[in-house]
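Coordinates in review
Next come the chains, spelled out residue by residue.
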There are 2 protein chains.
Amino acid sequence: MAQIEAFSAVEVIVSKRDKKILSDLQIDWVIDAYTRGVVADEQMSALLMAILLNGMNSHEISRWTDAMINSGERMNWSMLDRPTVDKHSTGGVGDKITLPLAPLVAACGGAVPQLSGRGLGHTGGTLDKLESIPGWRASLSNKEMLAVLQSCGAVICAAGAGLAPADKKLYALRDVTATVEAIPLIASSIMSKKIAEGTSALVLDVKTGIGAFMPDPERARELAHTMVGLGKRAGVKTRALVTAMDVPLGLTAGNALEVRESVEVLAGAGPADIVELTLILAREMLDAAGVKGKDPEIALRDGSAMDVWRAMIKAQGGDPDATLPRANEQAVFVAAESGTMLSMDAMKVGIATWRLGAGRSRQGETVQAGAGIEIHCKPGEKIVQGAPIFTLHTDTPERFGRAIEILSDAVVIGDLPTGGKVERLPLILDRIVD
Amino acid sequence: MAQIEAFSAVEVIVSKRDKKILSDLQIDWVIDAYTRGVVADEQMSALLMAILLNGMNSHEISRWTDAMINSGERMNWSMLDRPTVDKHSTGGVGDKITLPLAPLVAACGGAVPQLSGRGLGHTGGTLDKLESIPGWRASLSNKEMLAVLQSCGAVICAAGAGLAPADKKLYALRDVTATVEAIPLIASSIMSKKIAEGTSALVLDVKTGIGAFMPDPERARELAHTMVGLGKRAGVKTRALVTAMDVPLGLTAGNALEVRESVEVLAGAGPADIVELTLILAREMLDAAGVKGKDPEIALRDGSAMDVWRAMIKAQGGDPDATLPRANEQAVFVAAESGTMLSMDAMKVGIATWRLGAGRSRQGETVQAGAGIEIHCKPGEKIVQGAPIFTLHTDTPERFGRAIEILSDAVVIGDLPTGGKVERLPLILDRIVD
């Protein structure tokens, strides 16, 4: 029997076009009807553009988020004997923090049910990185996910088709209609998935700076506040850090290259900025989850975080001792002059990594496991003409040209003003607690 | 061979979303690529919403119009021995002016190559009205169109598929995505068809008031100025009248009912407002076309306009002497009280006419030839309780209920303030000449 529709798509679009507040019933209907295919893509994209340009208030955003959660299943981890806590990053170049962080928090007594995504554009995806480990698989049934979480304390896997299906459809549509950038749409997309995932606490890493989707710190702060508010309304203990993404994180960008660096961190070594941010986020997560008396720094040093990592990789079919894939071809990018490195543009490094084959231009493309960039020198360090700045990796050497083209603009070398320092964003710009 | 695209849809949408001016090349590409199916409906609707909310300047509107013209053929009437002149109305309730006007202007020495449309929503379409004449057909080949124009001096027919195909696609999309109301999109849609039609002079009747698509006179003026500017740039002698649509025009709304009233005007009778507006528009058209020394009032009186009408109807297979269809069922709506009629809401009369079966809710629906409303009393007239205000016609009497429901709110009867007059818009609010 045909369903009698409560609204027409046109009247909902007209409301937002004319700067009205959408009613709860309008929001519930339009998300449900879009999921059912009654509202067409061309109607939803007109509505999304009206939302991008005319905004939504906090109540509308909350209701929109709930409607997306209600479009699918909501997971439940109340059978676990530990508190659940998850982390989400809005994405940055070289941001592999999830890889050491999830086992580290598990080693300290949290349970981390992390549903992750694949990369699109200039930032990599956690699943793409882990898939460079021979044998590791991203897709788990809910039962398998629970088993890994119970045995290891952490699981990183792909979200199933049943989780916020409205968001999956909207995400693909926003990508082709230039409606990605709206804060209400970003916040509701992230939070609908994290709330449906069933975590009871959540730490958000909102990136800002030239290599982030939200380069303006004020907009990043607004996004962070919006998401913390959504978490609070849904009963999820949520806090957000606004963190620097002006320069790549760590010394690698790419899939297997970032796994290697993550394993170094878990072995008690690794680049200082990665270690620092991992520990800050781990402490936030443990605090949000109410886990007391554990020092994550010790869990890195004593090998307990590494033990969880190995168990977690094995539980999903991966071999933690396997040699990671290495790209067939390498090229070295050297300094054209001597001096101090004054800046390194994270966005340009991200695009170069993508161009080398580590990222994808459209959903469903395959990525190269070995492709990416090693960074040998970072802002503030002295460098001499001819010294290596980047080592580029790819299986398809015809890609070197366009990667080098953008890297040649990515780095500034010069004289430091007397007594001066290289200008950089602080690692943590802001902290928002509900 | 796959065509290499000059732009991506996303970058064009981003430009307008971010309030930039679209370049000529972006506009040319996006209209062409949309016509070819390379730009998808969901991308175009996002762009249309961004245009609606962020606007286009006069150069962008002109280029957008040209791109739509260039998506198809452009007709040419230079072989005629008379100057071509056409008229376009933005649509109103009871607006049947095209029917007497085209033969009247032809009788005075103009050539009228009128490509018309069908109705959608609360206003009727000229083709729907003419199709109530037994045998008359709207579709002509270009060759047939020329033959009717040469033999009769006027032709009213449907636009072929080759004329501004981009506009046809856009028009259908705007209807379902709440992007109809943007002045740049309305102006470019109307003017692309009229310029491609090949007329050398054009008079626009821009309706305003409660029964018009553009109820606010200021917005109607802005639309009129925009369209006159587009005509001027394209070398078409264009002028616009902004005219009243607060009260229905004439005493009928519906297809066959309006043909009957039009024939009365051609016979030298008919309601005063219809006759007055027909003569004003005829004089504007003759003046714009440079035809001098002909009085259209005489052409109505001496039967020469009626002769052209009869020839024109016959040339398209119609029988001008046939009895017009009459609906199977009638109902009379009477005055609930005595007094002066203070107002009649044109929009409500239009919607009631539509609900009786004279209009369509979506493209492709059939309409009833006999359905509609006769009006027995208009604002300013005295009426006694129980006297008929409307006679409703339909073939499907179950439609009476919802038509009467809206009509019961359409008329206000009361006491005229002492020495007062009924407030109405003047018939002509403004006149814009390039």
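Cut-offs applied
Residues numbered from 1 in each chain as written. Chains lettered and ligands numbered in written order. Predicted model: local features only at pLDDT ≥ 70, side-chain atom pairs only at ≥ 80, totals over all residues. Heavy atoms only, no water. Pairing = 2+ DSSP bridges. Helix = DSSP H or I, 4+ residues; strand = E, 2+ residues; numbered from the N terminus. Axes fitted to C-alpha atoms, helices over the stretch in contact; angles between N-to-C directions. Contact = heavy atoms within 4.5 Å. Buried < 20%, exposed > 50% of the residue type's maximum accessible area, 1.4 Å probe, protein only. Least-squares fit on C-alpha atoms with pLDDT ≥ 70 in both. Salt bridge = Lys/Arg side-chain N within 4 Å of Asp/Glu carboxyl O. Domains from an automatic or database assignment. Buried area = accessible area lost by both parts, 1.4 Å probe. Nonpolar A, V, L, I, M, F, W, Y, C, P; charged D, E, K, R; others polar. Parallel < 35°, antiparallel > 145°, perpendicular 65-115°, else oblique. Left-handed = near helix turned anticlockwise from the far one by under 90°.

Some words on the sheet that holds strand 4 (residues 201-208) of chain A
Residue and element names in this part refer to chain A.
- Taken together, the four strands give an open sheet; going across it, the order is 1-4-5-13, and neighbouring strands pair in mixed fashion. Only two strands of the sheet have a single partner each, and these edge strands are strand 1 (85-89) and strand 13 (428-433). Neighbour to neighbour, the strand axes of the sheet diverge by 15° on average, direction disregarded.
- Relative to strand 5 (residues 237-244), strand 4 is paired through eight bridges, and the arrangement is parallel. Of the residues in strand 5, the one forming a bridge with Asp205 is Leu241.
- Together, strand 4, strand 5 and strand 13 form the strand contacts of helix 10 (residues 217-233), whose direction differs from that of strand 5 by roughly 165°.

Things to note about unusual backbone geometry
All names here are of chain A.
- With a phi close to 65°, Lys19 is a non-glycine residue in the positive phi region.
- Within the secondary structure, Lys19 sits in the loop between helix 1 (9-17) and helix 2 (24-36).
- For Lys19, a relative accessible area of 61% corresponds to the exposed category.

Considerations on the relation of the copies chain B and chain A
- Of the two same-sequence chains, chain B is brought onto chain A (RMSD 0.0 Å, axial shift 0.0 Å) by a rotation of 180°. Taken together, these values place the two copies in the relation of a two-fold axis. Distance from the rotation axis, computed per C-alpha, reaches its smallest value in chain B at Glu42(B): 1.8 Å.

Thoughts on the pattern of salt bridges
Residue and element names in this part refer to chain A.
- Under the counting rule described, the total for this entry stands at 62 salt bridges over all chains.
- Here Glu218 ties to Arg221 by a salt bridge, and the two come within 2.8 Å at their closest N and O atoms. Remark: Arg221 and Glu218 occur in helix 10; sequence separation between them is three residues, near one turn of the helix.
- We note a salt bridge from Arg260 to Glu374, for which the minimum N-O separation is 3.3 Å.

As for the domain arrangement of chain A
Residues and elements named next belong to chain A.
- Taken domain by domain, chain A consists of domain 1 (9-55), domain 2 (85-322) and domain 3 (329-414).
- Centre-to-centre, using C-alpha coordinates, domain 1 lies 31 Å away from domain 2.
- Contacts between the two partners involve 11 residues from domain 1 and, on the opposite side, 13 residues from domain 2.
- When residues of domain 1 are sorted by the area they lose upon contact with domain 2, Tyr34, Leu48 and Leu52 head the list and together hold 50% of the total.
- Contributing elements (two or more residues each) for the side of domain 1 that touches domain 2: helix 2 and helix 3 (41-54).
- Here the side of domain 1 that touches domain 2 gets seven residues from one element, more than from any other, and that element is helix 3.
- In the side of domain 1 that touches domain 2, the residues fall into seven nonpolar, three polar and one charged.

Thoughts on the environment of Pro100(B)
All names here are of chain B.
- Looking at where Pro100 falls in the secondary structure, it is placed in helix 5 (residues 98-107).
- The sequence separation of Pro100 and Val265 amounts to 165 residues, and the corresponding C-alpha distance is 6.8 Å.
- Not counting residues within four places of it along the chain, the set of residues in contact with Pro100 comprises Ser262, Val265, Leu266 and Thr278.

A short note on the packing of helix 9 (residues 183-196) of chain A against helix 10 of chain A
All names here are of chain A.
- At their nearest, the axes of helix 9 and helix 10 sit 9 Å apart, and the two run at 40° to each other. Classified by the angle between their axes, helix 9 and helix 10 sit oblique to one another. Between helix 9 and helix 10 lies a crossing of right-handed hand. Residue-level contacts link Ile183, Ile186, Ala187, Ser188, Ile190, Met191 and Ile195 of helix 9 to Arg219, Glu222, Leu223, Thr226, Met227, Leu230 and Gly231 of helix 10.
- For the contact of helix 9 with helix 10, the residue count by class is nine nonpolar, three polar and two charged.

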